[in-house]
Amino acid sequence: MADITGDQRIQSEVLEGLATAVNHRRWFVELALPYLGDNPIEIGSGLGDYAIEWAEHLPRFTATEADPDRLVLLKERMAEHANIEVRQMLLPSADAAGEYSAAVSYNVLEHIEDHVGALRSMAELVRPGGRIILIVPAFMFAMSQVDIATGHIRRYTKKSMRAAMDEAGLQIEKLHYANALGLIGYYGATSIFKLAPKEGPMVKVYDSLVLPVTKAAESIVKPPFGQSVFVVARTPA
């Protein structure tokens, strides 16, 4: 079984800071919604911000977390949401339930050394023909000290994501970059100015002013690069 990579304290600080980026989160919530089905599982729910928004649209939702301390906080936060179940899970996992309509995982796969094994584990959690929905950070040139401190082993391109999905035996339905301006901002902040994406004026200005323009433009034309790779793949029927 894989270890959790990265400094958990720094990861929590980044999660708390990014929780203030409301427009960014809602955009990425909307990307996954059409593919979740009626009973999805999220791998690596963190503080549960995505889980809460997805669960508003679904009869059942399962949130999971690998880190024991964050798991306690996640359970406390989800106690008031009757349709959300919380489980501890670390990938690759031997738990092959096969009961979920989809497995969704945002900014997790880049932490896992055996990412193909993790994808196969996700597929085993999902019903035949169900979906695997991922967002991962894009482009190795943007790998920064923030990535390293938070446990990122790699950043992806569409090509490397396709290769991982092919090796895991999953069929890609949708694959594109997302948040082109975000990549420029992230590279400048983390690689040039050596800043972490925590709560503050820069995050708020980007989220309120730049992000809506980026989202609108990318709804018309998918960019040739982005801060993230978004992918939807189908498990074998």
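- With an unreviewed UniProt entry as reference, the chain is termed Methyltransferase type 12, source organism Paractinoplanes durhamensis.

### Notes on the pairing of strand S5 (residues 126-137)
Put simply, side chains in a regular strand alternate between the two faces of the sheet.
Part 1: Taking burial as the measure, the 12 residues of S5 include 10 buried ones, the bulk of the element.
Part 2: The pairing of strand S4 (residues 100-106) with S5 spans six bridges and is classified as parallel. In the strand pairing of S5, valine 104 is matched with isoleucine 133.
Part 3: The pairing of S5 with strand S7 (residues 228-234) spans seven bridges and is antiparallel. The residue bridging valine 136 from the neighbouring strand is valine 229, located in S7.

### A short note on the side chain of glutamate 110
Part 1: Following the sequence through the fold, glutamate 110 ends up in the loop between S4 and helix H5 (115-125).
Part 2: It is arginine 154 that comes nearest to the buried, bridge-free glutamate 110 among opposite-charge side chains, at 6.9 Å.

### Digging into the nonpolar core
Part 1: Core analysis: the largest hydrophobic core is formed by 35 residues, its most contacted members being Leu109, Leu119, Leu134, Met161 and Met165.
Part 2: Broken down by element, this core gets its largest block of residues, six residues, from H5.
Part 3: Look past the residues within four positions of methionine 161 in its chain and what remains in contact with it is Leu109, Leu134, Val136, Tyr156, Leu175, Val229 and Val231.
Part 4: With 29 residues, the next largest nonpolar core counts Trp54, Phe61, Ala63 and Val104 among its residues.

### Observations regarding the packing of helix H2 (residues 22-32) against helix H9 (residues 201-220)
Part 1: The geometry of H2 relative to H9 is characterised by a closest axis approach of 8 Å and an angle of 25° between their N-to-C directions. Considering the angle they form, H2 stands roughly parallel to H9. Contacts from Val22, Asn23, His24, Trp27 and Glu30 of H2 reach H9 at Asp207, Ser208, Leu211, Pro212, Thr214, Lys215 and Glu218.

### Section: the sheet that holds S5
Paired through backbone hydrogen bonds, the strands of a sheet run either parallel or antiparallel to each other.
Part 1: One open sheet accounts for seven strands, arranged S3-S2-S1-S4-S5-S7-S6; its pairing is mixed. Each having just a single partner strand, strand S3 (84-88) and strand S6 (171-178) make up the two edges of the open sheet.
Part 2: Taken strand by strand, helix H4 (residues 68-78) contacts strand S2 (61-65) and S3, and its axis lies near 170° from that of S3.

### Remarks on a nonpolar patch on the surface
Part 1: The grouping of Phe141, Tyr187, Ile192, Phe193, Leu195 and Met202 at the surface amounts to a nonpolar patch, some 640 Å² of accessible area in total.
Part 2: When you line up the elements, tyrosine 187 lands in helix H8 (residues 180-192).
Part 3: Given the relative accessible area of 32%, tyrosine 187 is considered partly exposed.

### Some words on the pattern of salt bridges
Part 1: Counted according to the given criterion, the structure contains eight salt bridges.
Part 2: Between arginine 131 and glutamate 173 there is a salt bridge, with its nearest N and O atoms 3.0 Å apart. Of this pair, arginine 131 sits in strand S5 while glutamate 173 is found in strand S6, placing the two residues 42 residues apart along the sequence.
Part 3: With a relative accessible area of 37%, glutamate 173 lands in the partly exposed category.

About the cut-offs
Residues numbered from 1 in each chain as written. Predicted model: local features only at pLDDT ≥ 70, side-chain atom pairs only at ≥ 80, totals over all residues. Heavy atoms only, no water. Buried < 20%, exposed > 50% of the residue type's maximum accessible area, 1.4 Å probe, protein only. Helix = DSSP H or I, 4+ residues; strand = E, 2+ residues; numbered from the N terminus. Pairing = 2+ DSSP bridges. Lys, Arg positive; Asp, Glu negative; His and termini not counted. Salt bridge = Lys/Arg side-chain N within 4 Å of Asp/Glu carboxyl O. Core = buried A, V, L, I, M, F, W, Y, C linked by side-chain atoms within 4.5 Å. Contact = heavy atoms within 4.5 Å. Axes fitted to C-alpha atoms, helices over the stretch in contact; angles between N-to-C directions. Parallel < 35°, antiparallel > 145°, perpendicular 65-115°, else oblique. Patch = residues over 30% accessible without salt bridge, like charges linked within 9 Å, V, L, I, M, F, W, Y side chains within 5 Å. Areas by Shrake-Rupley, 256 points an atom, 1.4 Å probe, with all protein chains shown as cover.

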